[in-house]
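What the coordinates show
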Amino acid sequence: MMLDPQADPGRRAWLPCRYCSDNTPLYLLASDVNMVWVQCGACLRRWWHDTGVGHGRRPDHLFDVA
Ligand SMILES: [Zn+2]
């Protein structure tokens, strides 16, 4: 797994990684409504993160593609 070519150091989110819990910035790769497609800068895993904005949906469709 490599850093996604869409990873932009100028678009990062300071959220805890759900896998390695490292306090590293997550790269924002894409977004859709209240979901953001992020990649951890440490373990390089990617997943959809529910920002909780908008509908209050549960993040039950988060998935890992690593
Ligand atoms: Zn990580």
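The coordinates are above.
These numbers come from a predicted model, not from an experiment.

What about the environment of Leu3?
- Mapped onto the secondary structure, Leu3 falls in the segment before strand E1 (12-13).
- On a C-alpha basis, the gap between Leu3 and Arg45 in space is 8.9 Å, while along the polypeptide they are 42 residues apart.
- Each residue touching Leu3, except ones within four places of it in the same chain, is listed here: Tyr27, Gln39 and Leu44.

Thoughts on the environment of Gln39
- Note that Gln39 resides in strand E3 (residues 35-40).
- The exposure class assigned to Gln39 is buried, which follows from its relative accessible area of 0%.
- Measuring from C-alpha to C-alpha, the distance between Gln39 and Tyr27 comes to 5.0 Å, with twelve residues separating the pair along the chain.
- Setting aside residues no more than four positions away along its own chain, Gln39 makes contact with Met1, Met2, Leu3, Asp4, Ala7, Pro25, Leu26, Tyr27, Leu29, Leu44, Arg45 and Arg46.
- Polar side-chain contacts of Gln39 include one of 3.0 Å to the backbone oxygen of Leu44.

Reading the values: the criteria
- Residues numbered from 1 in each chain as written.
- Predicted model: local features only at pLDDT ≥ 70, side-chain atom pairs only at ≥ 80, totals over all residues.
- Heavy atoms only, no water.
- Helix = DSSP H or I, 4+ residues; strand = E, 2+ residues; numbered from the N terminus.
- Contact = heavy atoms within 4.5 Å.
- Buried < 20%, exposed > 50% of the residue type's maximum accessible area, 1.4 Å probe, protein only.
- Polar contact = N/O pair within 3.5 Å; in protein donor to acceptor, adjacent residues only side chain to side chain.

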